[in-house]
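Fold and geometry: a report
Residues per chain are reported as follows:
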Amino acid sequence: MDDTPISRRRFAASGIAAAAVAAAGCLGGTSGDGEPGSNGADGDRVLRLSLSGLGDALRDRYVTDPEEADPNWADGAFEAVRNGTTLTTQYRKPFFSDADDPTYARHDGTYYWLDSVVVDEVAVSRPVLRLFEPAETSDGAAEPKSADALPAIDRRAVEIAHHAARARGNEGGMPVGLVRRGGYVYRRDDAAAESDLLAADGPDRVTVRDTEYVVEITEEEFHEPVYRATGERVADTPERMEAILRAEFVGARISRDGLSADARDLLLEAEADEYRESHPYSEAYREVLRALHERPYIDGNVRKDAGVDSSRADLCRYDDVYYDYQLRFVSL
């Protein structure tokens, strides 16, 4: 595959029962002293809280089951880690893994943390496709070839090169994760055999959505890293793996019994849709912010202070259920 590796992080949304929402109702705003007040009375923006339920097992979110993984899953690299053998990949990491989104996988009841390390560099020659416009036509020139009539590998290449060409001199950007050197790089070794554009008699013009382009193919040198798959056995039971994930990702642990009725209703509303108030916040909202360890928000209508960002997400555990929550300032 020519795809750039993407994060495995999955966000499993979970709703709440309509009857529970109806019973809870909408929690009205209160003033700083706890008396009923107006949510939008002060300031020109509100602090919005939203919750997305993730179920009662973080393993469903963070641990890959190779039998259910997508086709890009690196079976060979995972087997090498388990067996203590060496496997290297060129250009692409065998596993997508970083501090914010580590890769864990399970095999026969054992859980592994997976990563990679750079062990070498290689210089290789790769074909690069660039498209240019406007394409000048001349009498007797062959008709341009439609991108839809090209092989799959070329259709993908033309689509990405088209975005790069369209972005030249224009605002709006392009898919930088896919565009390389102003076009598309054919990295598969068998690309030449499958491609019409790379053939000696390939078309010199193509059309993409009624736009005609001149085709440019160049051979260029790339210096690519060589990665070695690494990993470590971290758990032999689901409970141990769950404890590892909680320690790594979960911040606040909230007990329903430790909250007031108003604070519980507020969280119900935030999960059903969202909850918002302007500063100064109600006692119930302040209680929830304290429970989430988001005290800097209580101190003032902050934009950024003491690590507070104007838009951020985190994980908490509310009784036995995990939630992905977000606090965000929005205009009234």
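See the structure above.
Residues numbered from 1 in each chain as written. Predicted model: local features only at pLDDT ≥ 70, side-chain atom pairs only at ≥ 80, totals over all residues. Heavy atoms only, no water.

Residue Pro280 is reached from His279 by a cis peptide bond, and omega for that bond is 5°. In this structure, Pro280 sits in the loop between strand S11 (275–277) and helix H8 (283–291). If you check the backbone angles, Asp108 has positive phi at about 50° while not being a glycine. Mapping Asp108 onto the fold places it in the loop between strand S4 (103–107) and strand S5 (110–132). Using a relative accessible area of 71% as the deciding quantity, one classes Asp108 as exposed. One non-glycine residue, Asp210, lies in positive phi territory at about 70°. (Helix = DSSP H or I, 4+ residues; strand = E, 2+ residues; numbered from the N terminus. Buried < 20%, exposed > 50% of the residue type's maximum accessible area, 1.4 Å probe, protein only.)

Residues Leu47, Leu49, Tyr285, Leu289, Leu292 and Leu327 are the most contacted members of the largest nonpolar core, which totals 26 residues. Contributions of two or more residues to this core are made by strand S1 (45–55), strand S10 (250–254), helix H7 (261–272), H8, helix H9 (295–299), strand S12 (311–318) and strand S13 (321–331). When residues in this core are grouped by element, the largest group, five residues, is from H8. Setting aside anything within four residues of it in sequence, one finds Leu49 in contact with Leu266, Leu267, Ala270, Glu274, Tyr275, Tyr285, Val288, Leu292, Tyr325, Gln326 and Leu327. The next biggest cluster of nonpolar side chains, apart from the first, holds 21 residues, and it includes Ile153, Ala165, Tyr186 and Ala191. (Core = buried A, V, L, I, M, F, W, Y, C linked by side-chain atoms within 4.5 Å. Contact = heavy atoms within 4.5 Å.)

Summarising the element assignment, Ser97 is placed in the loop between strand S3 (88–90) and S4. A relative accessible area of 8% places Ser97 in the buried class. Separated by 3.3 Å, the side chain of Ser97 and the backbone nitrogen of Thr103 make a polar contact. Ignoring sequence-local partners within four residues, the contact set of Ser97 consists of Pro102, Thr103, Trp113, Leu114 and Asp115. (Polar contact = N/O pair within 3.5 Å; in protein donor to acceptor, adjacent residues only side chain to side chain.)

So, on to the packing of H7 against H8. With their axes 8 Å apart at the nearest point, H7 and H8 run at an angle of 75° to one another. By the angle between their directions, the pair H7 and H8 is classed as roughly perpendicular. Here Asp262, Ala263, Leu266 and Leu267 of H7 lie close against H8, whose contacting residues are Ala284, Tyr285, Glu287 and Val288. (Axes fitted to C-alpha atoms, helices over the stretch in contact; angles between N-to-C directions. Parallel < 35°, antiparallel > 145°, perpendicular 65-115°, else oblique.)

Before going further, it helps to spend a moment on the packing of aromatic side chains. For the structure on display, the rule yields nine aromatic pairs. Relative to Phe95, the ring of Trp73 has its centre 5.7 Å away and its plane inclined at 45°; by these criteria the two rings are tilted. Remark: Phe95 occurs in the loop between S3 and S4 and Trp73 occurs in the loop between strand S2 (63–64) and helix H3 (75–83); sequence separation between them is 22 residues. Summarising the aromatic geometry, the rings of Tyr275 and Tyr285 are spaced 5.1 Å apart at their centres and angled 85° between planes, so their arrangement reads as edge-to-face. Taken as a pair, Tyr275 in strand S11 and Tyr285 in helix H8 lie far apart in primary sequence, 10 residues in all. Residue Tyr285 is classed as buried on the basis of its relative accessible area, which comes to 0%. Within the aromatic cluster, the residues linked to one another by ring pairs are Trp73, Phe78, Phe95 and Tyr112. Over the face of the ring belonging to Phe78 we find Arg82, whose NZ or CZ atom lies 4.7 Å from the ring centre. The ring of Phe132 has Arg168 sitting right over it, with the charged end atom 4.5 Å from the ring centre. (Phe/Tyr/Trp six-rings, centres within 6.5 Å; stacked < 30°, edge-to-face > 60°. Lys NZ or Arg CZ within 6 Å of the ring centre and 35° of its normal.)

Before going further, it helps to examine the pairing of strand S9 (residues 211–235). In the sheet, S3 pairs with S9 via three bridges, with the strands oriented antiparallel. Counted as the bridge partner of Thr88 is Arg228 from S9. In this structure, S5 lies alongside S9, joined through 21 bridges in antiparallel fashion. Within S9, the residue paired with Asp115 across the bridge is Thr230. Sheet topology note: the strand S8 (residues 205–208)/S9 ladder contains four bridges and is antiparallel. (Pairing = 2+ DSSP bridges.)

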